[in-house]
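These are the residues of each chain, in order.
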Amino acid sequence: MIIATNVNKSFGRLKALDNVSLTCNKGQSISLIGPNGSGKTTFIKCLLGMVVPDNGFITFNNKNIAHDWAYRAHIGYMPQTGRFPDNMRIVQVFDMMKDIRKDSATCGLDEDLISAFGLNKVLNKRMRTLSGGTRQKVGASLAFLFNPDVLILDEPTAGLDPVSSEILKEKIISQKQKGKLILITSHILSDLEDITTEIIYLQEGKLKFHKSLQQLKEDTGEEKLTRAIAQVMKSNLHP
Amino acid sequence: MKKIIKYVVLDILRNRIVLAYTVFLFIISLSVFNLEDNAAKGLLSLLNIILIIVPLISIIFSTIYVYNSTEFIELLVSQPVKRTGLLLSIFTGLAISLLLAFLVGAGLPILIYSASGAGFMMIFVGLALTLVFVSLAVLASVITRDKAKGIGVAILLWFYFALIYDGIILFILFQFSDYPMEKVTIGFSALNPIDLGRIMILLKLDIAAMMGYTGAVFKDFFGGFWGILYALLVMLLWVFLPVWLTVRKFNRKDL
Amino acid sequence: MMMLLLLPHLVFSKTWRVSRQGPIASIQSAVNQAAAGDTILVEKGIYLEKGLLIGKPLFLKGLNMPVLDGEHKYEIVSIKSDGVTLEGFDFRNSGFSGWNDVAGIKIYDAKNVVIRSNRLENTFFGIYCQNAVHCTIINNTLHSNAADEIESGNGIHCWKCDSMQITGNTITGHRDGIYFEFVTHSLIEHNNSFNNVRYGLHFMFSHNDTYKNNVFNNNGSGVSVMFSHGVNMLGNTFERSQGGSAYGILMKEITDSHAEANHFSNNTCGIYMEGTTRIMVTGNTFDGNGWAMKIQASCSDNTITGNNFKGNTFDVATNGSLVLSRFSRNYWDKYEGYDLNRDGVGDIPYRPVSLYSMIAEKNPTTMMLFRSFIVSLLDKAEKMIPSMTPVDMKDDTPIMKPLTL
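Student: Provide a residue-level description of the overall build of chain C, including the pertinent values.
Tutor: Helix and strand counts for chain C stand at 4 helices and 39 strands. With the C-alpha coordinates aligned to their principal axes, the bounding extent of chain C is approximately 85 × 45 × 30 Å. A burial count over chain C gives 47% of its 405 residues as buried. Partitioning the intrachain contacts of chain C with sequence separation of at least 6 by distance along the chain shows that 47% fall at a separation of at least 24.

What follows is the structure, given as structure tokens:
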């Protein structure tokens, strides 16, 4: 569904993505893992067209995404930190997004998360008055709102309380079962355990490996994802 | 695109600065016309406000607004929205709001007190300058990532067009006073929208004096249909060129 | 004495009728047959007189504006006698000549001629008075189609005349509307002179004349008064003389004259003074001119008092630092001073010469920057500490409120 070929991106002298090529397919649930500054978010932003690669290209459903925008109708994106126009109310943000994506929404709206997170009780609050966690909830709700084929979630559980975190996880699993492509970055590896089918490991902008969770566990001989990754990191830092 | 323009305009109107700007222009215009004993003198006093304040407010407000819309832009860029459309929407939204503010704040009093050729020209120039400086503001805020730096660039641009450029021209005209500079000055006027606007108003307000100079180049050039067309085209260029550059830059910008 | 001489004619005068159909079909033959003092009535029709010559005192009156056509060849009427009255004719198409000054009506060395209520259309010179005394030219309408200064003549042209009265005429499309050279003790009143190629009124070597309540509008260069003394210019209106050398009034080398209660509006320059002495300029209104006044350094002893200056681009300009003229008690709309003792007179002097007018005078292209912020700053600074503008050019008693004139 998504194919990246030789994607490079530098910010000044820093090489954020170094010749990254990978393929993500429908029905997969992929975890993007790597230390801080390894290029996970940059890669996600490249997928969304928010960051333009220096060279290399990315295709979405076999179409190059450069200079295209319509493909984003198939993507639900939850950013790392939910940033919204300060003086809009939650309800206005939802309405605006519905308004803008009205034409491109393929199947009906999915407002489960809004009620599950209890956002419908605070719909009239202005964005600037919200806590970081509530903003995350708004971001998550928006990502799932339009029933997209692809979900891209950047640190989805980072600011959430355990209950909300659990709600979100369940939501992700239910979507995975519907056969959607899910891309997640997270440092909370325990959260990924139940969700992930594939692991992509990035370090210093380079793709270190892309294998299935099963394969990774076999290769490292560890039972838990957390330990498997810890071992990978250690061996990469001290080769 | 229409939807996004709607949200931008609604957002700006909720932001009270544009309302304050409208009221400010309105009060200034009214008091200027009431204090001066004839409408022509009132227009003259308004001239400097239109040539100085309108560009200043337009560029600063727009720059700050674009920076404050970073979240809005980030939110929409990840959505199925064309980047060019997004930027043009923000520009159009800003332009509509500020044009409206100028029309109500200054246009209305001018129409009431001095609905003459000079009055209409002043309204036209005010509107044109608003557009030009919104356009420059959008450029300034897209080429710089840092808010403080962007506002600095905006103020500098304004300062350049309002004062420094004229200083340079005055210097050049004196340095080359032995040469026939009449034609060249028409070229100079095209390089600064404030100057161009001022000359267009001068030709309405001070026509008797402008006729007095040998050749009366400006009158000959700008007085006729082609001159007006030329001024209009140059103004449009001043609006579209920065917007075009901004769109180009914005389409490649990483957010 | 005059009356006694005329008396027999008045008593025994005869009336002749000229008509295209009638027994007398030409005006010239009527004139030839008539005796001095007779009346000739001319009925409606077109008369081709090939140069009508009037050599005796007659009263010629047109009924319903008969047309005298000069066929583009002839001087239509030549008056070579005193006491001729010409009334109610329509003169058309005089000859055009560069060396002969052909006119619609020409008065040669005559006294007491009256030219009244005629229409002159497409004549080279309109009414030409040469060595005329005590003549009256009243309520005539003159129109021609002059295109340039060289191939056109003047409307009412007076040369070496005395005690003329020129009243209520409308003159347009000539070179100069009214032209005076060596004319004395004359009155020009209630005329309307507009759209003439050169001057609305051109006035040279003519002393002790008065022109008042005339309207001069849109003439190529306005009005020019030169090399004369004792000229009274009262209650006239000077409008829209615009161009590089266009003036409401150009005063050159005139002395002991008086300009009062005139209205100057939308001229490039209201009054231009060069080499004038003892001119009183008072009670005038200058309104919307490029320069209200330009006073060259060659002027002396002029008094400019009690005038209104409103909405002029520049109030006064001069070409030197020498100032021998006095300004007092004028109203200047650009005055920014105050009146603490509330006597209606500003407490600090007004300096009517702005720095930028001096700069623009030297370097006209700098007008491009006029009214820009930087120029306003320069002007403000100059007002505080005069450096380029003449220090003595000032009105010490500027009036705070516009004068009612």
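Student: Could you give an account of the interface of chain B and chain C, with specific residues and numbers?
Tutor: Opposite the 33 residues of chain B that make contact, chain C presents 30 residues. Those elements giving two or more residues to the side of chain B that touches chain C turn out to be α3 (39-68), α7 (147-175), α8 (182-190), α9 (193-205) and α10 (207-210) of chain B. Class assignment for the residues of the side of chain B that touches chain C results in 19 nonpolar, 8 polar and 6 charged.

Student: Describe the sheet that holds strand β19 (residues 178-184) of chain C, and please don't skip the residues or the numbers.
Tutor: For sheets, the rule is that strands pair by backbone hydrogen bonds, running either parallel or antiparallel. Residue and element names in this part refer to chain C. Spatial ordering of the open sheet is given by β4-β7-β10-β13-β16-β19-β22-β25-β28-β31-β34-β37, a layout of 12 strands whose pairing is parallel. Strand pairing shows two members of the sheet lacking a second neighbour, β4 (52-54) and β37 (314-317), which therefore form its edges. With direction set aside, neighbouring strand axes in the sheet form an average angle of 10 degrees. Bridge count for strand β28 (residues 247-252) against strand β31 (residues 269-274) is 4 bridges, and the pairing is parallel. From the neighbouring strand, Ile 249 faces β31, where its bridge partner is Ile 271.

Student: Residues and numbers for the nonpolar core, please.
Tutor: Grouped together as the largest cluster of nonpolar side chains are 253 residues, with contacts concentrated most on Ile 152 and Leu 183 of chain A together with Ile 105 of chain C. The residues contacting Ile 105 of chain C, other than those within four sequence positions of it, are Ile 76, Val 77, Ile 79, Leu 86, Phe 91, Ile 115, Ile 127 and Tyr 128 of chain C.

Student: Run through the interface of chain B and chain A, naming residues and quoting values.
Tutor: Opposite the 19 residues of chain B that make contact, chain A presents 18 residues. Those elements that place two or more of their residues in the side of chain B that touches chain A are α1 (2-14) and α4 (70-77) of chain B. Among the elements that take part in the side of chain B that touches chain A, α4 of chain B stands out by supplying 5 residues, more than any other. Taken together, the residues of the side of chain B that touches chain A break down into 7 nonpolar, 3 polar and 9 charged.

Student: Any chance you could break down α9 of chain B for me, citing the residues and the numbers?
Tutor: The terminal C-alpha atoms of α9 of chain B, which comprises 13 residues, lie 18 Å apart, in line with the 18 Å expected from a rise of 1.5 Å per residue. Taking burial as the measure, the 13 residues of α9 of chain B include 12 buried ones, the bulk of the element.

Student: Now, about the arrangement of the chains: what can you tell me, with residues and values included?
Tutor: With 2 pairs of chains in contact, the largest contact count belongs to chains B and C. Chain A makes no contact with chain C; the smallest distance between any of their C-alpha atoms is 38 Å.

Student: Which residues make up the sheet that holds strand β2 (residues 14-24) of chain A, and what values do they have?
Tutor: Residue and element names in this part refer to chain A. Strand order in this open sheet of 4 strands is β2-β1-β4-β5, and the pairing throughout is antiparallel. Only two strands of the sheet have a single neighbouring strand rather than two, namely β2 and β5 (63-64). The pairing of strand β4 (residues 55-60) with β5 spans 2 bridges and is antiparallel. Note on β5: the bridge partner recorded for Phe 60 is Lys 63. Along the sheet, helix α1 (residues 40-48) makes contact with β1 (2-11), β2 and β4, crossing β2 at roughly 60 degrees.

Student: Can you tell me about the pairing of strand β7 (residues 150-154) of chain A, naming the residues and giving the values?
Tutor: All names here are of chain A. Of all 5 residues that make up β7, 5 are buried, and the element is covered over most of its length. Side-chain alternation along β7 places Val 150, Ile 152 and Asp 154 on one buried face and Leu 151 and Leu 153 on a second face that is also buried. Bridging between strand β6 (residues 75-78) and β7 involves 4 bridges; their strand directions are parallel. The partner of Ile 75 across the bridge, within β7, is Val 150. One crossover worth recording links β7 to the parallel strand β8 (residues 181-185) by way of helix α5 (residues 162-177), and it is right-handed.

What counts and how
- Residues numbered from 1 in each chain as written.
- Chains lettered and ligands numbered in written order.
- Predicted model: local features only at pLDDT ≥ 70, side-chain atom pairs only at ≥ 80, totals over all residues.
- Helix = DSSP H or I, 4+ residues; strand = E, 2+ residues; numbered from the N terminus.
- Buried ≥ 20, exposed ≤ 12 C-beta atoms within 10 Å, placed from the backbone.
- Contact = placed C-beta atoms within 7 Å.
- Nonpolar A, V, L, I, M, F, W, Y, C, P; charged D, E, K, R; others polar.
- Pairing = 2+ DSSP bridges.
- Axes fitted to C-alpha atoms, helices over the stretch in contact; angles between N-to-C directions.
- Core = buried A, V, L, I, M, F, W, Y, C linked by C-beta atoms within 7 Å.
- Expected span 1.5 Å × (residues − 1).
- Right-handed = clockwise from strand over helix to strand, strands pointing away.

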